[in-house]
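# Working through the structure, step by step
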Amino acid sequence: MKHVIRNLRTCTLASSSTVVAIGEGGSVTLAFLSSEIIKVSYDFFGITIDKTLEKASDFITEPATHLDTSDPVLIKEEKEAYILTCGQSRVVLEKEHALVSVWHQGRLAHGGRVGTADTVLPSYQVRCFTKEGSVDSFSRFNFPLDSEDEFYGLGDKSGSPNRRGRRFSMFNRDSLGYDASNSDPLYKSIPFLLKVNPAQGVTSGLLFDQSMIKLFDLGRESPYFFSVEVEGGPYGYVVLLGNSYHEVLKNYCRVTGFPAFPPLFSFGFFGSSMNYAEPDDAKERILEYFATVEEHQIPCEGMYVSSGYLKSAEGKRYAFLWNKQKFPDHKSFLTSLSKRGYNLCMNIKPGILVSHPWYGELKEKGFLIKDQEGKPYQEFFWGGEASFIDFNNPQAKEWWKSQLKAQYLDHGCTGIWNDNNELELEDVGLEAFKTKALYPIRMAQASYEAFKEERPDERPWIYSRSGYAGLQRFARTWSGDNVSDWKTLHYNQLMGIGFGLSGLPYFGHDLGGFFGPFPEEELLIRSCQSAVLQGRFVMHSWREEGTPTEPWSYPTALEPIRSLILEHYRFMPYLYSCAYEAAVEGKPIERSLHLEFPEDKTLKSDTVHSLFGPSLLKVLVTEKGCHEARVHLPKGLWWYDKAGMAIEGGCDLTVPYPCNGEVVWFAREGSAIPTAPHLTHLGTAFFEQVEFLVFPVRTTGKEVVSTYFEDDGKTELHKQNCNLWSLKVSENQVVVTRTIVAQSEPAGRLFTLKVGTRKFEFNPASLKRGESISFAF
């Protein structure tokens, strides 16, 4: 049976910020969480929404519970529609078909009628369907599609960042060896769409806050509409408005949570390979790795420890049960590495194999996801049949947290790596099936809470391979088990752009590829070049013959890779400031040039180059045998190359790009890029020496303001043990202002401003809050 809402007859304020319109078949509720965040909900008469699904929706948008607009909501009735106004937003609620159209600053941002009078298309934006005798339902949403509409977001999706013309499944899949150009689905499904229409100058967002979303069709089925299919409800979505895509992303984070700011050290270089922890001599291999890193004087913050440490003599991976033959005293082993200054991120999986020695106890306590008969549900998993920890069970969650503490956190481990957490349940009758999309978030939340209970003032280091909307408030991520080939190197960069446009700014890729043939030397070096300006510099691999990917895998590649790691550390102050901006504003760290410079029509959404933070144009080579890069400098401003030559934007360049230990970038005019010469370890972000690379403004009368953030690298932001600096650059002057002062910071530090060949130095401690120092050049 089809259900629709039509012929709206009343429209009233249910509260100061909530409007309810009632008609035939149901009601439409519009809740103004702000003038730019509007939640649209549909209540179909006779259809009951499952309480589990309602709670799941509430969990996704939990950070928005405190939001409420301060602008008055006004209702005006016209002959064919109700007009709602709030601030600079206006909602037209058409009576006959209950159509919702949202206008922002006088421009249509969302909604309207699909097609024209001559097209045979649905008149309703949402239709709900049920079967006789069943309480189950599903709805299909249809919204108008303009020929210039572009779509971004949705999380871990292959191909171009612009999703227009494709259809995507919205469930999480263990995707070993995926094709980065077109595989679907992958590990993370984020039901958030960023819709951009460059021709009309309109940007908006749509968040579907349900846990059972089947698919998004973004113009593949029809040129007239895009559609979303939702099972079970609750039926509705959140409209996110703003003057730019940055503002829309910030509003998305206001609803689902701002990204948890990781500790400084997590942005450094780490070793990782399944081939370290898998063999019988795992302990010796891990120690040998660190000895070799030290021998070659390669900066290294630690290791992502794969699950081989849990692999029994029978080849089964038993959660929390260390292999005592490999690690007779794992606690002292972990503690000793911690004392040496190494951070370990421990791999853990939520599947409990039926042969696990603790399986009976966990079954007896009811800690495992249950089937329809109340027994532990069993599903395929790595190593055989397994049941899964039920993180919705408070007792099970607390038990899991206690094990994280006892096995890892109490012995110096600083990170938890939540892996294989896609929860690929196939039985649609399971209660857990309704919320399986949220499973990786619940697991990440447990890891986050365990860390906070141990170290309440410090920022947790949590990784998750899988995720959904809201993952960012607990964990960071990466692109999963990628392939060692050139196509994957290329498309992983585009996937990274997509992560940032899905509220996941902290990401990276397994350099050289995790899966497949051993990477050739050129591919490995090009992969490392891509990570110099990226938030994760990690080589992680699995080879059946047992050979890990390492900086010294090729003798002639060692020095270039070492140089690239050192360059990554040199730019750490800038990277860390970008990461801070992502945490407080929701901005991507790696940004689409196409979206950043919409007035430059030459820039396309699938360019592999990006804007890293607000100031650096990151240039890459992702093609075998190519030793130059073709790059378009966005028009409307000037750019500087590494040598300090100013180039007017709007031009196409072909620049030499050797496969060596250097990277190519361009700096935006007016930039002040903080760097740390000779940095080799990330103990604190109060760096002893900071050198700002200053690039004067070339556009007459223009001033550019940059922000530099520094702290101890680990304390929670609300403690405000940080410095915040403002650097205003013009044609012939730079003004440095201290806007926030840390409670304590090391003495004897030096700031240097480098403008071409000239240098200016000062002691940062000489400035108090609000004080400035200026330099003319």
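Up top is the structure these notes are about.
Residues numbered from 1 in each chain as written. Predicted model: local features only at pLDDT ≥ 70, side-chain atom pairs only at ≥ 80, totals over all residues. Heavy atoms only, no water.

## Observations concerning the pattern of salt bridges
We apply this condition: A pair is scored as a salt bridge if a Lys or Arg side-chain nitrogen falls within 4 Å of a carboxyl oxygen belonging to Asp or Glu. Each helix is a run of H or I in the DSSP string that is no shorter than four residues. Each strand is a run of E no shorter than two, and both are numbered from the N terminus. Categorising residues by exposure relies on relative accessible area from a 1.4 Å probe, with only protein chains included: less than 20% of the type maximum marks a residue as buried, more than 50% marks it as exposed, and the intermediate range marks it as partly exposed.
Scanning the model with the defined rule gives 47 salt bridges in all. Residue E94 is joined to R113 by a salt bridge in which the shortest nitrogen-to-oxygen separation is 2.7 Å. With E94 in strand β8 (residues 89-94) and R113 in the loop between β10 (107-111) and β11 (126-130), this pair connects stretches of sequence that are 19 residues apart. Classification of E94 by relative accessible area gives buried; the value is 14%. When its relative accessible area of 42% is taken as the criterion, R113 is described as partly exposed. The partner of E278 in a salt bridge is K311, and the shortest N-O contact between them spans 3.0 Å. With E278 in the loop between α3 (274-277) and α4 (282-295) and K311 in the loop between β21 (302-305) and α5 (330-339), this residue pair connects regions lying 33 residues apart in the sequence.

## Digging into the sheet that holds strand β28 (residues 537-539)
Rules: Two strands are said to pair when DSSP picks up at least two bridges between them. Every angle, taken between N-to-C directions, lies between 0 and 180 degrees, and every axis is a line fitted to C-alpha atoms, over only the stretch in contact when it is a helix.
Reading across from one edge, β27-β26-β22-β21-β20-β28 is the order of the six strands in this open sheet, with parallel pairing throughout. The sheet is open, and its two borders are formed by β27 (461-464) and β28, each paired with just one other strand. Across this sheet, the average inter-strand angle for adjacent strands is 20 degrees, counted without regard to direction. Two strands pair when backbone bridges link them, and β21 and strand β22 (residues 343-348) are joined in this way by four bridges, in the parallel orientation. Within β22, the position partnered with G302 by the bridge is N343.

## As for the pairing of strand β4 (residues 26-34)
Here β4 lies mainly inside the structure; eight of its nine residues are buried. Between strand β3 (residues 18-24) and the antiparallel strand that follows it, β4, lie one residue; G25 among them carries a positive phi value of about 90 degrees. Counting the residues in the hairpin turn of β4 and strand β5 (residues 37-44) gives two residues.

## Looking at the nonpolar core
Inclusion rule: Only buried Ala, Val, Leu, Ile, Met, Phe, Trp, Tyr and Cys residues count toward a nonpolar core, and they belong to the same one when joined by side-chain atoms within 4.5 Å. Contact between two residues is taken to exist if any of their heavy atoms lie within 4.5 Å; hydrogens are not considered.
If you look at the biggest cluster of nonpolar residues, it comprises 238 residues, and the most contacted ones within it are Y42, I348 and Y408. In this structure, Y42 is in contact with I5, S27, V28, V100, Q125, V126, F141, Y235, G236 and Y237, ignoring residues within four places of it in sequence. Counting residues in hydrophobic clusters, the runner-up holds five residues, among them Y178, A180, L186 and Y187.

## Comments concerning the packing of helix α7 (residues 394-407) against helix α8 (residues 439-454)
Worth spelling out the cut-off: Here the angle decides the label: under 35 degrees means roughly parallel, over 145 means roughly antiparallel, 65 to 115 means roughly perpendicular, and every other value means oblique. By convention the crossing between two helices is left-handed if the near helix lies anticlockwise of the far one by an angle smaller than a right angle, and right-handed if it lies clockwise. Charged means Asp, Glu, Lys or Arg here, nonpolar means Ala, Val, Leu, Ile, Met, Phe, Trp, Tyr, Cys or Pro, and polar covers whatever is left, Gly included.
The interhelical angle for the contact between α7 and α8, taken along N-to-C directions, is 55 degrees, at an axis separation of 9 Å. With respect to their mutual orientation, α7 and α8 come out oblique. Judged by the twist between their axes, the crossing of α7 over α8 is right-handed. From α7, K397, W400, K401, L404 and K405 reach across to α8, where they touch M443, Q445, A446, S447, E449, A450, E453 and E454. Taken together, the residues of the contact of α7 with α8 break down into five nonpolar, two polar and six charged.

## Side note on unusual backbone geometry
In this structure, the amide linkage connecting D184 to the following residue, P185, adopts the cis form with an omega of 0 degrees. Even without glycine at this site, L154 takes up a positive phi of about 75 degrees. Structurally, L154 can be placed in strand β13 (residues 150-155). Residue class for L154 comes out buried when judged on its relative accessible area of 0%.

## Quick notes on α4
Condition: Here a helix's expected span is defined as the number of its residues, less one, multiplied by 1.5 Å. Relevant arc is that of directions from the helix axis to the C-beta atoms, nothing else.
Between its first and last C-alpha, α4 extends 20 Å over 14 residues, near the 20 Å set by a 1.5 Å rise per residue. All buried positions along α4 are accounted for by A282, I286, Y289, F290, T292 and V293. Seen end-on, α4 carries its buried residues on one side only, within an arc spanning 160 degrees. Projecting away from the buried face of α4 at angles above 90 degrees are the exposed residues E288 and E295.

## Observations regarding the sheet that holds strand β2 (residues 6-15)
What the eight strands build is an open sheet, ordered β2-β3-β4-β5-β19-β16-β15-β13; its pairing is antiparallel. If you trace the sheet from one side to the other, it starts and ends with β2 and β13, each paired once. For this sheet, the mean inter-axis angle between neighbouring strands, taken without regard to orientation, is 20 degrees.

## Describing the packing of helix α9 (residues 486-500) against helix α10 (residues 521-532)
It is at 10 Å that the axes of α9 and α10 come closest, and there the two elements cross at 5 degrees. Looking at the two axes, α9 sits roughly parallel to α10. Along the contact surface, α9 presents W486, L489 and Q493, while α10 presents E522, L523, R526, S527 and S530. Considered class by class, the residues forming the contact of α9 with α10 number three nonpolar, three polar and two charged.

## Some remarks on α7
What counts, and what does not: Counting of polar contacts relies on pairs of N or O atoms within 3.5 Å, with two restrictions inside protein: one atom must be capable of donating a hydrogen and the other of accepting it, and residues adjacent in sequence are counted only when both atoms are side-chain atoms.
Compared with the 20 Å implied by 1.5 Å per residue over 14 residues, the 20 Å span of α7 between its first and last C-alpha is a close match. Considered for burial, the residues of α7 that qualify are A396, K397, W399, W400, K401, Q403, L404, K405 and Q407. N-cap assignment for α7: the residue whose side-chain oxygen lies 2.9 Å from the backbone N of Q395 is N393.

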